[in-house]
Amino acid sequence: MLPGVLISNQWRVCASQSNIIQCTNQPGLTQIPTNIPTDTKSLQLIRNGITSIDTTSFSGLSSLVEINLIGNDISSIESGAFVDLPSLESVLLRDNPLICCTMIDFIELAQNQTRVYVAGTCHDFNITININSFNSTRCSVDGQWGSWSSSPCSVSCGDGIGNRQRICDSPKPSVNGKDCVGTSVETMICNLGECEVDGQWGSWSTTPCSVSCGDGIGNRQRSCDSPKPSVNGKDCFGPSMETMICNLGECSVDSQWSSWSTTPCSVSCGDGIGKDKESVTAQSPLSMEKIVLDLVWKQ
C-alpha cells in the first residue's frame with residue numbers, strides 16, 4: 001500500500017501492485033496524488049473527483065505507460081502535461097467534462113503523434129466531439145489588452161517622466177488569433193506636487209544717509225525672495241535690515257563775528273584814541289585762523 005496522501009484535507013489511500021497504482025471511487029480526490037513511486041507503469045485514477053491536469057501532475061514518472069482518468073471531473077489540461085513521459089502509450093479520458101478550447105495543445109499533441117493512444121471526448125458549445133477529430137481552429141482567439149500598470153515617477157516632486165505598461169493577455173491570442181492592436185508601453189509626464197524650496201536672500205538695497213554731511217545713520221534692507229521659501233521650505237536665516245553709521249564728508253562752516261571787546265582810551269581826558277576789537281573765526285579743514293579788526297572810535 002502507498003502511504004496516505006493529503007488531498008483536500010482528507011487522507012486518501014491508493015493500492016499498489018506490480019508497478020500499478022489504483023485510486024478509484026474517491027470523490028474527495030480532486031488532484032493527481034503527489035507521492036506516486038517513480039517506477040509506476042500504470043496509473044488507474046478512475047471515478048474520482050479530479051478537476052484538472054497541470055504541467056507538474058506527472059513530473060518524474062518517466063516509466064508511465066498507461067494513464068486511466070475515466071469518469072473524473074476534468075475540464076482542462078495544461079500544455080505540456082504529458083510531454084516528459086517517454087514511455088507513455090495510452091491516455092484514457094472518457095466521461096470527463098473536458099472543454100475542447102481549454103486543451104488545444106493537448107489535442108494537437110494527440111492528433112499529431114501515433115505513439116500514444118488518446119481516447120476521450122471534449123465539449124465545444126454543447127457539442128460533444130472526439131478529441132482526435134476536433135478542429136482546433138474553431139478556438140481562434142484574438143488577443144485583448146490587460147490593465148495598465150504604472151512605473152514610479154522619475155522624480156519625487158515637480159515634473160518628471162513615468163511609464164505605464166500593459167500585456168496582451170486578457171486573453172492572449174491563440175490558435176492563429178490576432179495580436180493586440182496598439183502599444184504596450186506609454187511614456188507620460190508625471191507630477192507628484194511642488195518641491196520644497198528653502199528661501200535665499202536677495203541683494204542688499206541701501207537707504208540714503210540721514211544727513212548730507214558729517215556722521216549720520218543709514219539703513220540697508222534685503223528680501224527673502226531669491227527664491228522665496230515654498231512648500232514648507234525653510235525661511236532665510238539672518239536679519240532683513242541693518243543700521244549703520246554713514247558719513248558723506250565734513251560739513252562747510254561760514255565765518256561769524258564774535259562780540260566786541262574794547263581797549264582803554266589813550267588819554268584820561270579830552271580827545272583820545274581807543275580800539276574796539278572783533279574776532280572773526282574762519283573754519284577750514286586745514287586750520288583755524290583768527291582775524292583781528294581794529295576800529296578807531298572816539299570816546
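Quick summary incoming for the structure in this document. Because the structure is a prediction, the values reported are computed rather than measured. (Residues numbered from 1 in each chain as written. Predicted model: local features only at pLDDT ≥ 70, side-chain atom pairs only at ≥ 80, totals over all residues. Heavy atoms only, no water.)

When you go through the protein residue by residue, the secondary structure sums to one helix and 22 strands. In the protein, which comprises 299 residues, the share counted as buried stands at 30%. In the protein, the proportion of contacts linking residues at least 24 apart, taken out of those at least 6 apart, comes to 50%. As displayed, the protein has an accessible area near 18800 Å², and 50% of this comes from carbon and sulfur atoms. (Helix = DSSP H or I, 4+ residues; strand = E, 2+ residues; numbered from the N terminus. Buried < 20%, exposed > 50% of the residue type's maximum accessible area, 1.4 Å probe, protein only. Contact = heavy atoms within 4.5 Å. Areas by Shrake-Rupley, 256 points an atom, 1.4 Å probe, with all protein chains shown as cover.)

Within helix H1 (residues 104-111), the full set of buried residues consists of Ile104, Phe106, Ile107 and Ala110. End-on view of H1: buried residues confined to an arc of 165°, all on one side of the axis. Summarising the contacts, the buried residues of H1 are in contact with strand E8 (76-77), strand E9 (90-92), strand E10 (117-119) and strand E11 (121-124). (Arc of directions from axis to C-beta.)

A separate point is the state of the cysteines. Under the definition given, this model contains eight disulfides. Cys224 shares a disulfide with Cys236; S-S distance 1.9 Å. Disulfide Cys224-Cys236: the torsion about the S-S bond is 85°, which places it as right-handed. Pair noted here: Cys224 is in the loop between strand E17 (215-221) and strand E18 (241-247) and Cys236 is in the loop between E17 and E18, with a separation of twelve residues, a long-range link. (Disulfide = S-S within 2.5 Å.)

The next thing to look at is the packing of aromatic side chains. Enumeration over the complete set of coordinates arrives at two aromatic pairs. Look at Phe82 and Phe106: their rings are 5.0 Å apart centre to centre, the planes differ by 45°, and that puts the pair in the tilted class. Residue Phe82 is located in the loop between E8 and E9, and its partner Phe106 is located in helix H1; the two are separated by 24 residues in the primary sequence. By the burial criterion, Phe82 is buried, and Phe106 matches it. (Phe/Tyr/Trp six-rings, centres within 6.5 Å; stacked < 30°, edge-to-face > 60°.)

So, about the layout of surface pockets. The computed volume of the largest pocket comes to approximately 200 Å³. Class assignment of the residues belonging to the lining of the largest pocket gives a composition of five nonpolar, seven polar and one charged. (1 Å grid on protein atoms, 1.4 Å probe; cavity = no way out; pocket = protein on both sides within 12 Å on 5 of 7 lines; lining within 4 Å. Points joined across faces, edges and corners; volume = space filled by probe spheres on them. Nonpolar A, V, L, I, M, F, W, Y, C, P; charged D, E, K, R; others polar.)

Our next topic: unusual backbone geometry. Cis rather than trans, the peptide bond between Ser170 and Pro171 has omega equal to 5°. Along the chain, Pro171 turns up in the loop between strand E14 (159-165) and strand E15 (185-191). The linkage connecting Ser226 with the following residue, Pro227, adopts the cis geometry, with an omega of 5°. Here Pro227 lies in the loop between E17 and E18. A positive phi angle, near 50°, is found at Ser18, a position not held by glycine. Here Ser18 lies in the loop between strand E3 (15-17) and strand E4 (20-22).

For strand E16 (residues 205-206) and E17, the ladder comprises two bridges, and the chain directions are antiparallel. Note that in E17 the partner of Thr206 across the bridge is Arg220. The sheet contact formed by E17 and E18 spans seven bridges and is antiparallel. Note on E18: the bridge partner recorded for Ile217 is Ile245. (Pairing = 2+ DSSP bridges.)

Below, the discussion takes up the pairing of E14. Where a strand is regular, its side chains alternate between the two sheet faces. Relative to E14, strand E13 (residues 149-150) is paired through two bridges, and the arrangement is antiparallel. Looking across to E14, one finds that Ser150 is bridged to Arg164. Summarising the sheet, E14 and E15 pair through seven bridges and their orientation is antiparallel. Bridge assignment links Ile161 to a residue of E15, and that residue is Ile189.

Within the largest apolar cluster, 37 residues are counted, with the highest numbers of intra-cluster contacts made by Phe58, Leu69, Ile77, Phe82, Leu93, Phe106 and Ile131. In terms of residue count, the dominant contributor to this core is H1 (four residues). With residues near it in sequence (within four places) discarded, Phe58 still touches Ile32, Leu43, Ile53, Leu64, Ile67, Ala81, Phe82 and Leu85. (Core = buried A, V, L, I, M, F, W, Y, C linked by side-chain atoms within 4.5 Å.)

In this section: the side chain of Ser57. The topology assignment puts Ser57 in the loop between strand E6 (52-53) and strand E7 (66-68). Polar side-chain contacts of Ser57 include one of 3.0 Å to the backbone nitrogen of Asp54. (Polar contact = N/O pair within 3.5 Å; in protein donor to acceptor, adjacent residues only side chain to side chain.)

Note that Arg94 resides in the loop between E9 and H1. Along the chain, Arg94 and Ala119 lie 25 residues apart, while their C-alpha atoms are 6.4 Å from each other. If sequence neighbours within four positions are ignored, Arg94 has contacts with Leu69, Ile70, Gly71, Ala119 and Gly120.

On to the sheet that holds E13. If you walk across this open sheet you meet the three strands as E13-E14-E15, and the pairing is antiparallel. Edge strands, defined here as strands with exactly one partner in the open sheet, are E13 and E15.

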